[in-house]
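A look at the structure
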Amino acid sequence: MGEYQQYRILVINPGATSTKFAVYDGEKQRFKKTVEHSAQELKNFNRVFDQYQYRLTMIIEALRKEDIELTTFKAVAGRGGLLKPLAGGTYLVNEQMVADLKKAERGEHASNLGAVIAYDLGQQLGIPAFIVDPVSVDEMEPVARISGLPDLERTSLSHALNMKAVARKVAKEMGKKYEEVNFVVAHLGTGVSVAPHRQGRMIDVNNAKEEGPFSPDRCGGLPASQLVKLCYSGKYTYEEMREKLTSKGGLYAYLGTTDLREVEKMADQGHELANLLLDALAYQVAKEIGAMSAVLEGDVDRIIITGGIAHSTRIVNDIMRRVKFIAPVVVVPGEEELESLALGALRVLRGEEEAKEYV
Ligand SMILES: Nc1ncnc2c1ncn2[C@@H]1O[C@H](COP(=O)(O)OP(=O)(O)OP(=O)(O)O)[C@@H](O)[C@H]1O
Ligand SMILES: CCCC(=O)O
């Protein structure tokens, strides 16, 4: 079974259109699989929770095919979903957390399934289940919560898992701890999160579902009066408007695709709008990085650009041109969510960090 057997961990990241899962022996990835779910398959499920058995069976089948015995795991870690606002870190999944996710009071999100699948497997196998830096990590300071209207409070929903993992990695490369540095991290995926990290805390962030730059499928911040007018125009239902803001906005609304590579191809072939949108995306992200640098009073050790779009030389160069006067820019393309889940669980198993209790 090898030297790492004592820390074999199953990690599970349910996404909107895929389930990614992996087996780690210590830090070493032994097996990884991504199963894509077509819109056709998913349309049979009304709620995210209805997909529970479907996704769980698929994971168990895949492990069986690889001859990986469930009994060899020492822990399961799932991506944490839309929970109540929480400090970052690794949490032990408990019944309260599972109940909150089943209620989905903060909304439906595929990541809501991560903790529940992990918990049920953990219970069956008699091992702990964890979540790490869920999307609802909220380390915002009071001053960041003011929206400008007492009825509305700014909230923190972001790609905390990848942002914190990448920040830890870059800090380590600098010979420092995450808790000793100040970074602005821009996660550019299907959604976009830009956050100032001050000595290990994410003290502000554009809520990736409703503020900041637009993204492949989200609108980001919109002109408020025009938005209100559109909501009351009678043209769209509540559900249609919500869909526009969170899954059918951004590049998709203008061009019918969320694939940045396709948009780049269109621009290369002379599509003027595609070209302008790529400029606008980089422009808005750079502007947000500037704002978050002001939050850190200019004391920024590194700006980090990560997520799938960080593979795009065009977007990265455009952003860098505008923000390199602030601090050195580090590019970490892609996301490391599976590894981050494994490392978060490992820190606890090795006693380097205490698992937080969810109450
Ligand atoms: N090599 C590449 N060059 C340019 N863009 C890329 C490349 N690879 C992926 N992308 C773009 O990155 C985006 C997806 O990023 P990513 O995979 O991080 O998102 P996700 O995991 O679906 O969502 P999220 O990060 O919001 O949770 C898509 O627009 C995709 O086209
Ligand atoms: C809600 C934050 C993560 C995402 O945008 O999917």
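Rules and cut-offs
- Residues numbered from 1 in each chain as written.
- Chains lettered and ligands numbered in written order.
- Predicted model: local features only at pLDDT ≥ 70, side-chain atom pairs only at ≥ 80, totals over all residues.
- Heavy atoms only, no water.
- Domains from an automatic or database assignment.
- Contact = heavy atoms within 4.5 Å.
- Buried area = accessible area lost by both parts, 1.4 Å probe.
- Salt bridge = Lys/Arg side-chain N within 4 Å of Asp/Glu carboxyl O.
- Polar contact = N/O pair within 3.5 Å; in protein donor to acceptor, adjacent residues only side chain to side chain.
- Nonpolar A, V, L, I, M, F, W, Y, C, P; charged D, E, K, R; others polar.
- Near = heavy atom within 4 Å.
- Areas by Shrake-Rupley, 256 points an atom, 1.4 Å probe, with all protein chains shown as cover.
- Helix = DSSP H or I, 4+ residues; strand = E, 2+ residues; numbered from the N terminus.
- Buried < 20%, exposed > 50% of the residue type's maximum accessible area, 1.4 Å probe, protein only.
- Phe/Tyr/Trp six-rings, centres within 6.5 Å; stacked < 30°, edge-to-face > 60°.
- Pairing = 2+ DSSP bridges.
- Axes fitted to C-alpha atoms, helices over the stretch in contact; angles between N-to-C directions.
- Parallel < 35°, antiparallel > 145°, perpendicular 65-115°, else oblique.
- Left-handed = near helix turned anticlockwise from the far one by under 90°.
- Core = buried A, V, L, I, M, F, W, Y, C linked by side-chain atoms within 4.5 Å.

Turning next to the domain arrangement of the protein. It is common to give the size of an interface as the accessible area that goes away when the parts come together. Each assigned domain of the protein is listed with its residue range as follows: domain 1 (5-139 + 337-357) and domain 2 (160-333). Taking only C-alpha atoms into account, the centre of domain 1 sits 25 Å from that of domain 2. Of the residues lining the interface, 13 residues belong to domain 1; the matching set on domain 2 comes to twelve residues. Of the roughly 1,100 Å² buried between domain 1 and domain 2, counting both surfaces, carbon and sulfur atoms make up 53%. Viewed at the interface, domain 2 and domain 1 are joined by two salt bridges. Inspection of the region where domain 1 meets domain 2 yields four residue pairs in polar contact (both at pLDDT 80 or more). Here the residues of the side of domain 1 that touches domain 2 sort into four nonpolar, three polar and six charged.

In this section: the site of ligand 1. As a structural note, the neighbourhood of ligand 1 is formed by 15 residues, with His187, Thr190, Gly191, Thr258 and Asp259 the closest of them. Here an oxygen atom of ligand 1 and a side-chain polar atom of His159 are 2.8 Å apart. One of the backbone N or O atoms of Leu260 is found 2.8 Å from an oxygen atom in ligand 1. Surface burial for ligand 1 is 75%, taken as the share of its 640 Å² of free accessible area covered by protein chains.

The next subject is the pattern of salt bridges. Counted under the stated rule, the structure contains 21 salt bridges. We note a salt bridge from Asp25 to Arg8, for which the minimum N-O separation is 2.7 Å. Separated by 17 residues along the polypeptide, Asp25 in strand β2 (residues 18-25) and Arg8 in strand β1 (residues 8-14) bring together distant segments of the chain. For Asp25, a relative accessible area of 9% corresponds to the buried category. Among the residues examined, Arg8 registers a relative accessible area of 2% and is labelled buried.

Around ligand 2, a shell composed of His109, Val135, Ser158, His159, Ala208, Lys209 and Arg218 is seen. Here His109 contributes a side-chain N or O atom positioned 3.1 Å from an oxygen atom of ligand 2. A class-by-class count of the residues in the shell around ligand 2 yields two nonpolar, three polar and two charged.

With that out of the way, let us pick up the side chain of Glu336. Summarising the element assignment, Glu336 is placed in the loop between β11 (329-333) and α13 (337-349). Taking the relative accessible area as the measure of exposure, Glu336 reaches 16% and is therefore buried. Looking at Glu336, its side chain comes within polar contact range of the side chain of Lys169, at 2.6 Å. In this structure Glu336 touches Asn162 and Lys169, once residues within four positions along its chain are discounted.

Turning to the packing of aromatic side chains, a few remarks are in order. All told, the structure shown has two aromatic pairs when counted by the stated rule. Ring geometry for Phe21 versus Phe31: centroids 6.3 Å apart, planes at 65°, classification edge-to-face. A residue pair is termed long-range when its members are at least 10 positions apart, and Phe21 in strand β2 and Phe31 in strand β3 (residues 28-36) qualify at ten residues. Here Phe21 matches Phe31 in class, with each residue buried.

This next bit is on the sheet that holds strand β7 (residues 182-188). The five strands are arranged β9-β8-β7-β10-β11 in an open sheet whose pairing can be described as mixed. Two strands lie at the open edges of the sheet, namely β9 (201-202) and β11, each paired on one side alone.

So, on to the packing of helix α2 (residues 52-65) against helix α4 (residues 112-125). Each pair of packed helices can be summarised by the angle the axes make with each other and by the distance between the axes. Put simply, α2 and α4 touch, their axes get as near as 11 Å, and they point 60° apart. Comparing the axis directions of α2 and α4 gives the class oblique. Judged by the sense of rotation from one axis to the other, the crossing of α2 with α4 is right-handed. Contacts between α2 and α4 involve Tyr52, Arg55, Leu56, Ile59 and Ile60 from the first element and Leu113, Val116, Ile117, Asp120 and Leu121 from the second.

What follows is about the nonpolar core. Among the nonpolar cores identified, the biggest contains 36 residues, and Leu10, Ile12, Leu63, Val93, Met97, Ile117 and Leu121 are the most heavily contacted of them. Listing elements by their share of this core, those giving two or more residues are β1, β2, β3, α2, α3 (95-103), α4 and β6 (129-132). Apart from the residues within four sequence positions on either side, Val93 is in contact with Val98, Ala115, Tyr119, Ala129, Phe130 and Ile131. With 34 residues, the next largest nonpolar core counts Val184, Val192, Val285 and Ile315 among its residues.

Time to look at the pairing of β2. A large share of β2 lies buried, amounting to seven of its eight residues. Pairing between β1 and β2: seven bridges, direction antiparallel. Of the residues in β2, the one forming a bridge with Asn13 is Lys20. Two strands pair when backbone bridges link them, and β2 and β3 are joined in this way by eight bridges, in the antiparallel orientation. Within the sheet, the bridge partner assigned to Val23 lies in β3 and is Phe31. Connecting β2 to the antiparallel partner β3 that follows it, the hairpin turn spans two residues, and Gly26 within it adopts a positive phi of roughly 60°.

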